[in-house]
Amino acid sequence: MDLDKRITDLRQEFGLDFFGVADLAPARDAILEQGGPEIAEYPRSISLGIALLDSVVDQLPRRAERAVALSYRYHGYEVVNRQLDIVASRLSSFLQREGHRGLPVAASQHVDEDRLCGSFSHKMGAHLAGLGWIGKSCLLVTPEVGPRVRWATVLTDAPLAATGESMEERCGDCVQCVEICPTHAFSGAPFRENEPREVRFEARKCDQYFDQMEQNTGVPVCGMCLYICPQGRR
């Protein structure tokens, strides 16, 4: 059985809702700028996604209630992120046994506190793998469940075939995520590959809002841009 088929079969074994392989060559400059040469040397990425529970996400307008906040924090972040990190580690080990390199990128981990970003953009990898488009909220929006997905990534040199091409943006004139943001962190500008994230999103505003919630309630959660997206609420 060839490597592509074996990798794809692991999707069911791992319980993933989304899986895709991307050729990273078109985005190498952006990857180099964000993660440095050790990250940019990998030619491909494998995107791993798990859909969030609607029953948890749909409670977010009541996130000021401690029970709702705790439910989302636990089942919307901690449990799913842990599952993704375990899968990314297991997949990387599988690739190594096959004679290839695999580097797991954690589902949620800031390595640059100034820019508030990880070493690699999960959203960019999933976008290049044809799994969705970058919305005005800077979230990866999938045709199936909108942005209600958590992601992890495995970077690899394994000779895997790309599973798709970058998906065209489908948000149109919709600005619900922009309007509902409590910190007004989004400009409403559509995604452009040659523009920095700051054109669309002021990450520092979100970070300060979470710090404020931490002080007030001890359970910092928001997710309103994720909740409101019509693509996920269909």
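Structure's up top.
Owing to the predicted nature of the structure, the values given are computational and were not obtained by experimental measurement.

Caption draft 1: Up close: the packing of helix α1 (residues 3–14) against helix α5 (residues 66–97). Close contact between α1 and α5 brings their axes to 12 Å; oriented N to C, the two are set at 155 degrees. Between α1 and α5, the angle falls in the class roughly antiparallel. In this structure, the crossing between α1 and α5 has a hand that is right-handed. Only Val87, Arg90, Leu91, Phe94 and Leu95 of α5 make contact with α1, whose side of the interface consists of Leu3, Arg6, Ile7, Leu10, Glu13 and Phe14. Across the contact of α1 with α5, the residue classes tally to eight nonpolar, no polar and three charged.

Caption draft 2: A look at the nonpolar core. Membership of the largest hydrophobic core comes to 47 residues, with the highest contact counts inside it found for Ile7, Leu16, Ile46, Leu48, Tyr72, Leu84 and Leu91. No other element matches α5, which puts 10 residues into this core. If we skip the residues at most four places from it in the chain, Leu84 touches Leu16, Leu48, Gly49, Ile50, Ala107, Arg150, Trp151 and Ala152. By size, the runner-up hydrophobic cluster in this structure holds 20 residues, among which are Phe18, Leu131, Ile134 and Val149.

Caption draft 3: View of helix α8 (residues 203–216). Under the 1.5 Å per step criterion, the end-to-end length of α8 is 20 Å for 14 residues, consistent within 8% with the ideal 20 Å. Immediately beyond the C-terminal end of α8, within one or two residues, lies Gly218, with a positive phi of roughly 80 degrees.

Caption draft 4: Highlighting the packing of aromatic side chains. This model, assessed by the stated rule, comprises three aromatic pairs. An angle of 85 degrees between the planes, with centres 5.4 Å apart, marks the rings of Tyr72 and Tyr77 as edge-to-face. Take Tyr72 and Tyr77: they sit in the same class, and that class is buried. Directly above the ring of Tyr77 sits Arg73, whose terminal nitrogen or CZ lies 5.2 Å from the centroid.

Thresholds, definitions, all that
- Residues numbered from 1 in each chain as written.
- Predicted model: local features only at pLDDT ≥ 70, side-chain atom pairs only at ≥ 80, totals over all residues.
- Heavy atoms only, no water.
- Axes fitted to C-alpha atoms, helices over the stretch in contact; angles between N-to-C directions.
- Helix = DSSP H or I, 4+ residues; strand = E, 2+ residues; numbered from the N terminus.
- Parallel < 35°, antiparallel > 145°, perpendicular 65-115°, else oblique.
- Left-handed = near helix turned anticlockwise from the far one by under 90°.
- Contact = heavy atoms within 4.5 Å.
- Nonpolar A, V, L, I, M, F, W, Y, C, P; charged D, E, K, R; others polar.
- Core = buried A, V, L, I, M, F, W, Y, C linked by side-chain atoms within 4.5 Å.
- Buried < 20%, exposed > 50% of the residue type's maximum accessible area, 1.4 Å probe, protein only.
- Expected span 1.5 Å × (residues − 1).
- Phe/Tyr/Trp six-rings, centres within 6.5 Å; stacked < 30°, edge-to-face > 60°.
- Lys NZ or Arg CZ within 6 Å of the ring centre and 35° of its normal.

Read these as geometric descriptors, not functional statements.
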